[in-house]
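# Geometric and topological summary
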Amino acid sequence: MKTCIIGTGAISGTHISALKKINAEIVGLCDIDEKKANKKAAEFSLGCPIFTDYKKMLVAVRPDVVHVCTPHYLHAEMVCYALGEGINVLSEKPVCINFKQLSALKNAREKSAAHYGVCFQNRYLTANREANREVKGSKIFGASGAVVWNRGADYYASGEWRGKWATEGGGVLINQSIHTLDLMVNALGLPVSVKAEMKNEHLKGVIEVEDFAFIALKYPDFTATFTATTAGAESYPVVTSFYTDKGIIETRGDALIVNGKESAASKEARLSGKTEWGAGHEMLIADFYDAVKEKRPVSCDFLGCLDTMKTVLAAYQSAKTDEEIFTENIKL
């Protein structure tokens, strides 16, 4: 299958490595910084043409799939355009940074026959798949999630778009910990309401966005809690805990722990990416391409990620207004 990539920053290398393993034909790279794109092409020995305008690239090479690996604020615009052209899209998270963009994406997805996948790759890890299955088959009494990572000033200096509301859309919640919140929402469903508090304590004067997030997710019979920070001494494996009628179901990085004992099926060889990222990109990308070839629904479809994005954006609205946000009132 012919594929191309928009955005040649850090995450694009993970996509290229995964594409090479499934023998996808990379027919174009696009970045507004042509030197950056050429450097990425040389790094992976790609002989494809380089573009600085993504629309011109899509017209010129007409790929089967386009990967959107650009800064957050550009995702929605690029995805909507590609879907409008009937091109299958795999987008990095987050799919957007506000409700207006989310509504536009939902409309574009519903009008297009093309596949639209989202890189919530941690859903594919064995521990998370097993935990999801167990949780959905249980009565839930409570749940929690925690992300403790480290991101310093040098990280934010690596891209002008990082750390700014207008371009990143937020901080630790929408960027680093969104994967873990997605695991919780995917297992528990859309909460009835969201109440959040966010702070910028670690890098005041360096970034505009939050580096601490505290969220209460209210369900009909219980409340789940979620905490995240990028002010940790270092980055640690993420943790989810579900309190059920079957006992406590936990994930710690790649490990599944049930009632204090690690499951024999929980360990899995690491494929790619940093330790705290998880290793699901290769599995997600392979599954996405198989779905396109087989003309079947894709496991990481945008509509299946909609509840996560509603929850994330509701949390930002709650933190800004200091109000509890009821998700039934979110109209797209």
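## Focus on the nonpolar core
General note: in soluble globular proteins, nonpolar side chains tend to be found buried as a group. The biggest cluster of nonpolar side chains holds 71 residues, and the ones touching the most others in it are Val95, Tyr116, Leu173 and Leu188. No other element matches the seven residues that helix α11 (residues 306-321) contributes to this core. Not counting chain neighbours up to four residues away, the residues in contact with Val95 comprise His75, Ala76, Leu102, Leu105, Tyr116, Val118, Phe302 and Met309. Counting residues in hydrophobic clusters, the runner-up holds 25 residues, among them Leu29, Cys119, Ala291 and Val292.

## As for the packing of helix α9 (residues 178-188) against α11
As a packed pair, α9 and α11 sit with axes 9 Å apart at the nearest point and diverge in direction by 120 degrees. By the angle between their axes, α9 is oblique relative to α11. Considering only the axes of α9 and α11, their crossing is right-handed. Residues Ile178, Leu181, Asp182 and Val185 of α9 lie in contact with α11, whose contacting residues are Asp307, Thr308, Met309, Thr311 and Val312. For the contact of α9 with α11, the class distribution of residues is five nonpolar, two polar and two charged.

## Points about the side chain of Ser193
Looking at where Ser193 falls in the secondary structure, it is placed in strand β8 (residues 193-199). Here the side chain of Ser193 touches Glu324 through a polar contact of 2.5 Å, side chain to side chain.

## Thoughts on the confidence of the model for the protein
When pLDDT is averaged along the protein, the result is 94; 95% of the residues meet or exceed 70. Across residues 268-278, confidence stays below pLDDT 50; counting only partners more than four residues off in sequence or on other chains, it has 29 contacts.

## Things to note about unusual backbone geometry
Cis geometry is found at the peptide bond from Lys93 to Pro94, where omega equals -15 degrees. The topology assignment puts Pro94 in the loop between β5 (88-91) and α5 (99-111). Of note, the phi angle at Asn23 is positive, near 60 degrees, even though the residue is not glycine. Taking relative accessible area as the criterion, Asn23 reaches 66% and is therefore assigned exposed. Residue Ser45 is not a glycine yet carries a positive backbone phi of 55 degrees. By the secondary structure assignment, Ser45 is in the loop between α2 (34-43) and β3 (50-51). Looking at Ser45, the relative accessible area reads 64%, which means it is exposed.

## Section: the environment of Thr52
One can find Thr52 in the loop between β3 and α3 (54-61). Separated by 19 residues in the primary sequence, Thr52 and Asp33 place their C-alpha atoms 6.9 Å from one another.

## Notes on the sheet that holds strand β2 (residues 25-30)
The six strands are arranged β3-β2-β1-β4-β5-β6 in an open sheet whose pairing can be described as parallel. In the strand order of this sheet, the two ends are held by β3 and β6 (116-118), each with one partner. Relative to the sheet, helix α10 (residues 281-294) contacts β1 (2-6), β4 (65-68), β5 and β6, its axis offset from that of β5 by approximately 165 degrees.

## Digging into the pairing of β1
By the criterion of burial, β1 is predominantly enclosed, with four of the five residues buried. As paired strands, β1 and β2 are joined by five bridges and run parallel to one another. Paired with Ile6 across the two strands is Cys30, which belongs to β2. On the question of chirality, the crossover connecting β1 to the parallel β2 by way of helix α1 (residues 10-21) is right-handed. When β1 meets β4, the two strands line up parallel, connected through four bridges. Among the inter-strand pairings, Ile5 is bridged to a residue of β4, identified as His67.

How each quantity is defined
Residues numbered from 1 in each chain as written. Predicted model: local features only at pLDDT ≥ 70, side-chain atom pairs only at ≥ 80, totals over all residues. Heavy atoms only, no water. Core = buried A, V, L, I, M, F, W, Y, C linked by side-chain atoms within 4.5 Å. Buried < 20%, exposed > 50% of the residue type's maximum accessible area, 1.4 Å probe, protein only. Helix = DSSP H or I, 4+ residues; strand = E, 2+ residues; numbered from the N terminus. Contact = heavy atoms within 4.5 Å. Axes fitted to C-alpha atoms, helices over the stretch in contact; angles between N-to-C directions. Parallel < 35°, antiparallel > 145°, perpendicular 65-115°, else oblique. Left-handed = near helix turned anticlockwise from the far one by under 90°. Nonpolar A, V, L, I, M, F, W, Y, C, P; charged D, E, K, R; others polar. Polar contact = N/O pair within 3.5 Å; in protein donor to acceptor, adjacent residues only side chain to side chain. pLDDT = per-residue confidence, 0-100. Pairing = 2+ DSSP bridges. Right-handed = clockwise from strand over helix to strand, strands pointing away.

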